[in-house]
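Each chain, letter by letter, is given below.
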Amino acid sequence: MIKVNPKVQRIIDWRESFITLPDNHFFELIRMYLGEIHSPFNKQKLVEELGSFLRKEENRQTIVNLLSESDILILAAVYYIPNATSEKLAAFFDSTIKFARLYERLLNLEERLLIYRHGDSNTRKTLISLNPMLEDEILPLLSKKILLPLPVLESRSEGKPSILTPEKLAAFVNYVCNNPGLCRADGSLKKRDCEKLEEIFGSGADRLFQHIFTAFVNLSLVKESLNGYEIDRARLRAFADLDEKLQYAYLSVAGAGRFSRTSLMCQAKLLLETANSLPATGFTRTCVLRTAFLIFEKDPASFSSAERSFGAGRFSSILARAHEEESGSGESANSVLQNPAAVIDRLCDSACLFGILEEYGKDENGESIFVKGGLLFKKTPAGEKSGDGALPKVLNIDAAFNVTVFPGLPLKELLPLMQIMDLKQFDTAAVFEITRKSIMRAFDSGLNEKQIMETVEKFCPYALPENLRVSIEDWSSSYSSASLYKGYVLKVDEKSTVLVQNNPSIAPKISKTIAPGAFLLNINSDEEALALIKESGLDFIGNIQTPKNELLGPAFPVFEVNRTAGSALLGGGTAQLRSGAMDSDGGEEGERYGVITTDQERKAHFDMLRGLLDKMAITPEQREGLLLRINRKIILTPQQLNADSVKLEQIEANGMDYQGKVHVAESAIAQNMMLELEYDDQNLPEGIQVVVGTPVSLEKNSLDTAVHLVVEPEHEERAFSLGRARNVKRIRGSVLK
């Protein structure tokens, strides 16, 4: 099989794409560059003649010389966004270029032969690519740094950045345990609790903990109970087992809403990889959003397949259930990440709350500048990383049973301590106290006297005070003097005790020996109890207390974060557009820039062509048509100033020309072209609403005519009044169709 050079194949694809354009568009472009077409003609030969026109060095150089900074910005996006489409480009420039304006720019670049459209057989979408005939001249002008310029810092942000810590998160868990009725029915924290949280944690704590509590609800880390909310300890332990960066990424995402398992993972992964990609000097919010877009588009599949395989670990038994849950949720990662930039835009503020991002200051335009948050520079404690148990001794206990907890422990080690103590104050170090109430709560959670002491001693640099030991023993005796059970209890006589304890069916189900011959069974239904009795050979069953339940909900997915995505994919730096090629010390490795012309140099070309046009003896309509081509940078040489190539027709109507508007709309429908409608709208900053779409029908009545448009980029059909439109313009839809 003969291998074709990739560039040659792209040129072949460009020619085939050009030939398949609608006839009216094809012949109009040919007339613009080659002049009037005479019969008989052959499309293949016409495209070859156009190729010869583009191969001329002076024509290629003129095309490049007429490129403005905005042209290069859009061409860079077309080049660097994989499989670029109009929808992707609209999403990428969403915050900076309105769709109508972007569409106009794309149409103009297509008319100037800088880009072309072609179909993708796999996705059946219309892709936009650079014209391979002009690649050698265009590519030296393009760089990712044009899309992602470094900001100019105008002012620094005041105040210390907020960073969530394991101690602060654990302290909030402790607060929820002691204050189950802390929120209203709508999920917002009560005023009393907001004030109490600010008193304990300091100013602004209510905003942070409102977001955390919302995330806890959406992650099912808390659940409703008779008294309000209670912590789901099994699920919280699974959450605490995650890397700290993953924990905070999940909190950032869940604070914005409830998502399926895969969607949650995709958004968290995108957030972390975007934050890791920021240069030391930071990016503006716009560039942060563009960074997220480029990272996602570089390898979309990595976000849906990023979850590790757990094998036979603790979560393997529930992955199937999680998959079923997601399949029925009506939401997928693709639906959430159709616009990755919008996802990160929604998560920026919460990411700053949790230390994933930091708002460093403002640029000269007043736009926020974000840098990597302190969390991303935080290293895992050596003991936790090695698993050797060499974690710091962070507890200090005074004679009044006040416990000072200094920083240094991960969340999973702090959670058992939170079952034993009550929060008093939080500053650099957190202050708790051990009380009868807190120890009783620990007993309720399943800890016994010995486990409580071992948990505290594990992180205390000295032996526990003797009076504390005595108090815990005393409280334990008081607690064990009476117990209330709920569940299935097997009661046997003394002779049968050994038999039951050694029975292979019953022994694994014994949750607790309540008393000699009384066993609390770890079963959850009558059916399971009957099946167990039948299997064991016993024909009696006793009474009740709740056994421990294993984690029932889906575990939190763990994924790998590409920490080099930013440096490898994006680079950083200010694009050099006017002063020529960069020296060997600047820019990305091996990257060079071409030279873009100045406004004055481009103006000289326009002035020359307009001067020649003024001397031509042609009709006003022909003069207007040629002048429009000059202004749109389509005419490159004096030979293209051919009045016979101008096709006279009405493509635009405005003001009171009602019949003209209807005529333009009717011709657009007949020729399968698009319409651009303008309306006065004082609610918009520009005072004008611009709508672009494909007309499908007209609906006339005695007062007005409504045109039904398939609006871009939403692809939704809507009706618009032609009478109220200030301007109606027929445009080609080649870039979108």
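All values derive from a computational prediction rather than experimental measurement.

Considering the overall build of the chain
Line of reasoning, step 1. From N to C terminus, the chain includes 31 helices and 21 strands.
Line of reasoning, step 2. Residue pairs in contact within the chain that sit at least 24 positions apart in sequence constitute 65% of those at least 6 positions apart.
Line of reasoning, step 3. By element, 50% of the accessible surface of the chain is carried by carbon and sulfur atoms, the whole surface being about 36200 Å².

Description of empty space enclosed by the protein
Line of reasoning, step 1. The tally for this structure, following the rule as stated, stands at one cavity of 30 Å³ or more.
Line of reasoning, step 2. By volume, the largest cavity is sized at about 80 Å³.
Line of reasoning, step 3. Taken together, Trp 14, Ser 17, Phe 18, Leu 21, His 25, Leu 29, Glu 110, Leu 113, Ile 115, Tyr 116 and Arg 117 make up the lining of the largest cavity.
Line of reasoning, step 4. When contributions to the lining of the largest cavity are tallied by element, the ones reaching two or more residues are helix H1 (6-19), helix H2 (23-34) and strand E1 (115-119).

What to know about helix H31 (residues 658-670)
An α-helix turns once every 3.6 residues. As a result, residues three or four positions apart point the same way.
Line of reasoning, step 1. With 13 residues, H31 extends 19 Å between its outermost C-alpha atoms, agreeing within 8% with the 18 Å of an ideal straight helix rising 1.5 Å per residue.
Line of reasoning, step 2. Looking at the buried residues of H31, the elements they touch are strand E16 (652-654), strand E17 (674-680), strand E18 (688-700), strand E19 (705-711) and strand E21 (727-731).
Line of reasoning, step 3. One side-chain oxygen at the N-terminal end of H31 lies 2.9 Å from the backbone nitrogen of Gly 660; it belongs to Asp 657.
Line of reasoning, step 4. In the segment just after H31, Asn 672 is the residue with positive phi, at about 55°.

Here's the deal with the sheet that holds strand E13 (residues 488-491)
Line of reasoning, step 1. Taken in spatial order, the three strands line up as E13-E15-E14 in an open sheet, and their pairing is antiparallel. Two strands in the sheet have a free side with no partner beyond their single neighbour: E13 and strand E14 (510-515). Adjacent strand axes in the sheet meet at a mean angle of 30° when their direction is disregarded.
Line of reasoning, step 2. Bridging between E13 and strand E15 (residues 518-521) involves four bridges; their strand directions are antiparallel. Following the sheet pairing, Tyr 488 is matched in E15 by Leu 521.
Line of reasoning, step 3. Packed on one face of the sheet, helix H26 (residues 494-502) meets E13, E14 and E15 and runs near 25° to E15.

Considering the packing of aromatic side chains
Each aromatic ring pair is characterised by the separation of its centres together with the angle its planes make.
Line of reasoning, step 1. Summed over the entire model, instances satisfying the criterion amount to 14 aromatic pairs.
Line of reasoning, step 2. Where Phe 172 meets Phe 209, the ring centres are 4.7 Å apart and the plane angle is 15°; that geometry is what we call stacked. Residue Phe 172 is located in helix H10 (residues 166-178), and its partner Phe 209 is located in helix H12 (residues 205-218); the two are separated by 37 residues in the primary sequence.
Line of reasoning, step 3. Overall, the relative accessible area of 0% leaves Phe 172 in the buried class.
Line of reasoning, step 4. On the numbers, 5.3 Å between centres and 85° between planes, the contact of Phe 213 with Tyr 229 is edge-to-face. Residue Phe 213 is found in helix H12, and its partner Tyr 229 is found in strand E5 (residues 228-231); the two are separated by 16 residues along the sequence. Of the two residues, Phe 213 and Tyr 229, neither departs from the other in class, the shared state being buried.
Line of reasoning, step 5. Among the aromatic residues, ring-to-ring pairing joins Phe 172, Phe 201, Phe 209, Phe 216 and Phe 426 into one connected group.
Line of reasoning, step 6. Positioned above the aromatic ring of Phe 26, the side-chain terminus of Lys 43 is 4.8 Å from the ring centre.

Thoughts on the sheet that holds E18
To summarise the sheet geometry, strands pair through backbone hydrogen bonds and adopt either a parallel or an antiparallel arrangement.
Line of reasoning, step 1. Pairing is antiparallel across the open sheet formed by six strands, whose spatial order is E16-E21-E17-E18-E19-E20. Of all the strands in the sheet, just E16 and strand E20 (716-721) have a single pairing partner and so form its edges. Across the sheet, the mean angle from the axis of one strand to that of its neighbour is 35°, orientation sign disregarded.

As for the pattern of salt bridges
Line of reasoning, step 1. This model, assessed by the stated rule, comprises 27 salt bridges.
Line of reasoning, step 2. Note that Lys 378 is salt-bridged to Glu 244, the shortest N-O span being 2.9 Å. Taken as a pair, Lys 378 in the loop between strand E8 (368-372) and helix H21 (382-386) and Glu 244 in helix H14 (residues 244-254) lie far apart in primary sequence, 134 residues in all.
Line of reasoning, step 3. Relative accessible area serves as the criterion here: at 35%, Lys 378 is assigned to the partly exposed category.
Line of reasoning, step 4. Judged by relative accessible area, Glu 244 falls into the buried class, the value being 19%.
Line of reasoning, step 5. Its salt-bridge partner being Glu 457, residue Arg 469 comes within 2.1 Å of it at the nearest N-O pair. Of this pair, Arg 469 sits in helix H25 (residues 466-480) while Glu 457 is found in helix H24 (residues 449-458), placing the two residues 12 residues apart along the sequence.
Line of reasoning, step 6. Note on Arg 469: relative accessible area 23%, which makes it partly exposed.

Details of the side chain of Asp 422
Line of reasoning, step 1. In this fold, Asp 422 is placed in strand E11 (residues 422-426).
Line of reasoning, step 2. The exposure class assigned to Asp 422 is buried, which follows from its relative accessible area of 10%.
Line of reasoning, step 3. Of note is the side chain of Asp 422, whose polar atom sits 3.1 Å from the side chain of Asn 178.
Line of reasoning, step 4. Within the structure, the side chain of Asp 422 is placed 2.8 Å from the side chain of Arg 441, a separation counted as a polar contact.
Line of reasoning, step 5. Setting aside anything within four residues of it in sequence, one finds Asp 422 in contact with Asn 174, Asn 178, Val 431, Phe 432, Glu 433, Thr 435, Lys 437, Ser 438 and Arg 441.

A word on the nonpolar core
Line of reasoning, step 1. Among the nonpolar cores identified, the biggest contains 184 residues, and Phe 18, Phe 239, Tyr 250 and Leu 251 are the most heavily contacted of them.
Line of reasoning, step 2. The contacts of Phe 239, once residues within four sequence positions are left out, are Leu 169, Leu 219, Leu 221, Gln 247, Tyr 250, Leu 251, Leu 411 and Phe 556.
Line of reasoning, step 3. Membership of the second largest hydrophobic core comes to 16 residues, among which are Ala 653, Ala 665, Ala 668 and Phe 720.

Comments concerning the confidence of the model for the chain
Line of reasoning, step 1. Residues of the chain with pLDDT of at least 70 account for 85%, and the chain-wide mean is 82.
Line of reasoning, step 2. For residues 308-333, every residue scores under 50 in pLDDT, and the model assigns this stretch 36 contacts once sequence neighbours within four places are set aside.

Conventions we followed
Residues numbered from 1 in each chain as written. Predicted model: local features only at pLDDT ≥ 70, side-chain atom pairs only at ≥ 80, totals over all residues. Heavy atoms only, no water. Helix = DSSP H or I, 4+ residues; strand = E, 2+ residues; numbered from the N terminus. Contact = heavy atoms within 4.5 Å. Areas by Shrake-Rupley, 256 points an atom, 1.4 Å probe, with all protein chains shown as cover. 1 Å grid on protein atoms, 1.4 Å probe; cavity = no way out; pocket = protein on both sides within 12 Å on 5 of 7 lines; lining within 4 Å. Points joined across faces, edges and corners; volume = space filled by probe spheres on them. Expected span 1.5 Å × (residues − 1). Polar contact = N/O pair within 3.5 Å; in protein donor to acceptor, adjacent residues only side chain to side chain. Pairing = 2+ DSSP bridges. Axes fitted to C-alpha atoms, helices over the stretch in contact; angles between N-to-C directions. Phe/Tyr/Trp six-rings, centres within 6.5 Å; stacked < 30°, edge-to-face > 60°. Buried < 20%, exposed > 50% of the residue type's maximum accessible area, 1.4 Å probe, protein only. Lys NZ or Arg CZ within 6 Å of the ring centre and 35° of its normal. Salt bridge = Lys/Arg side-chain N within 4 Å of Asp/Glu carboxyl O. Core = buried A, V, L, I, M, F, W, Y, C linked by side-chain atoms within 4.5 Å. pLDDT = per-residue confidence, 0-100.

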